[in-house]
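A structural walkthrough
Spelled out from the first residue to the last, the chains are:
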Amino acid sequence: MTESAAGGPGKTPGDRGRTTIADGVVEKIAGLAAREVVGVHAMGSGSGLSRTFGAVRDRVPGAQRASVTRGVKAEVGEVQTALDLEIVVDYGVSIREVARVVRENVVSAVERMTGLEVVEVNIAVSDVKLPDEEDEEEPESRLQ
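Report on the accompanying structure. (Residues numbered from 1 in each chain as written. Predicted model: local features only at pLDDT ≥ 70, side-chain atom pairs only at ≥ 80, totals over all residues. Heavy atoms only, no water.)

Looking at the overall build of the protein chain
Helices and strands together make up the secondary structure of the protein chain, namely three helices and six strands. From first element to last, N terminus to C terminus, the protein chain shows the α and β order β-β-α-β-α-β-β-α-β. In the protein chain, buried positions account for 30% of the 144 residues. Considering only intrachain contacts with a sequence separation of at least 6, the fraction spanning at least 24 residues in the protein chain is 72%. Summing over all exposed atoms, the protein chain offers an accessible surface of approximately 9000 Å²; the carbon and sulfur share of this is 51%. (Helix = DSSP H or I, 4+ residues; strand = E, 2+ residues; numbered from the N terminus. Buried < 20%, exposed > 50% of the residue type's maximum accessible area, 1.4 Å probe, protein only. Contact = heavy atoms within 4.5 Å. Areas by Shrake-Rupley, 256 points an atom, 1.4 Å probe, with all protein chains shown as cover.)

Below you can see the structure in the form of structure tokens.
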């Protein structure tokens, strides 16, 4: 997003200049907002193999932690943004309801923090976390 205003009579000092918001900023805001929703188990690919590699990477000391932007893609224009999210839901939840709440939370957070109009939030549910599956997203504690 880019805001621009020419300095001159009638413009306040806060309106003079340009503000640019990167796609990654919107992706982080959306990723955090989506993860706050009850029923969202994880973001990104739901394949067991990719979750396993992610869990191993998260356990390596000094390795980069799982990115809050995983599973989120934003297209940011000057005044609008569109988002694509990929989520894994917990078994037993209403997928339709979780998707509705994710959309509401993401739209609210992005619009409040950036001033951009969110024109769409597309959600792809890539997997369901079953109760008897090991939770590969949680790193094991090193303390005993």
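Some remarks on the pairing of strand E6 (residues 117-129)
Looking at chain direction, strand E5 (residues 80-90) and E6 are connected through eleven bridges and run parallel. Residue pairing across strands places Asp 84 opposite Asn 122, the latter belonging to E6. This β-α-β element, E5 to helix H3 (residues 95-114) to E6, shows right-handed connectivity. (Pairing = 2+ DSSP bridges. Right-handed = clockwise from strand over helix to strand, strands pointing away.)

With respect to the environment of Gly 39
Mapped onto the elements, Gly 39 comes out in the loop between helix H1 (23-35) and strand E3 (40-43). Overall, Gly 39 belongs to the buried group, its relative accessible area being 5%. Here the alpha-carbon distance between Gly 39 and Val 88, two residues 49 residues apart in the chain, equals 8.6 Å.

Details of the pattern of salt bridges
Per the counting criterion, the structure on display carries two salt bridges. Here Glu 97 ties to Arg 100 by a salt bridge, and the two come within 2.4 Å at their closest N and O atoms. A residue pair is termed a helical-turn pair when its members lie 3 or 4 positions apart in one helix, as Glu 97 and Arg 100 do in helix H3 at three residues. Glu 97 sits in the partly exposed class, given a relative accessible area of 36%. (Salt bridge = Lys/Arg side-chain N within 4 Å of Asp/Glu carboxyl O.)

Details of a negative patch on the surface
There is a patch of like negative charges on the surface, built from Asp 23, Glu 75, Asp 84 and Glu 120. Looking at where Glu 120 falls in the secondary structure, it is placed in strand E6. (Patch = residues over 30% accessible without salt bridge, like charges linked within 9 Å, V, L, I, M, F, W, Y side chains within 5 Å. Lys, Arg positive; Asp, Glu negative; His and termini not counted. Charge placed at Lys NZ, Arg CZ, Asp CG, Glu CD.)

Some points on the packing of H1 against H3
Running from N to C, H1 and H3 point in directions that differ by 140 degrees, and their axes come no closer than 8 Å. Comparing their axes, H3 and H1 come out oblique. Considering the relative orientation of H1 and H3, their crossing is right-handed. Seen from H1, the contacting residues are Val 26, Ile 29, Ala 30, Ala 33 and Ala 34; seen from H3, they are Val 102, Asn 105, Val 106, Ala 109, Val 110, Met 113 and Thr 114. A breakdown of the residues in the contact of H1 with H3 according to their chemical character gives ten nonpolar, two polar and no charged. (Axes fitted to C-alpha atoms, helices over the stretch in contact; angles between N-to-C directions. Parallel < 35°, antiparallel > 145°, perpendicular 65-115°, else oblique. Left-handed = near helix turned anticlockwise from the far one by under 90°. Nonpolar A, V, L, I, M, F, W, Y, C, P; charged D, E, K, R; others polar.)

Some thoughts on H1
Across its 13 residues, H1 extends 18 Å between first and last C-alpha, which sits within 8% of the 18 Å expected from 1.5 Å per residue. Considered for burial, the residues of H1 that qualify are Val 26, Glu 27, Ile 29, Ala 30, Gly 31, Ala 33 and Ala 34. Those residues of H1 that are buried lie in contact with E3, strand E4 (72-76), E5 and H3. (Expected span 1.5 Å × (residues − 1).)

Regarding the side chain of Thr 81
Note on placement: Thr 81 falls in strand E5. Exposure remark for Thr 81: the relative accessible area of 1% places this residue in the buried category.

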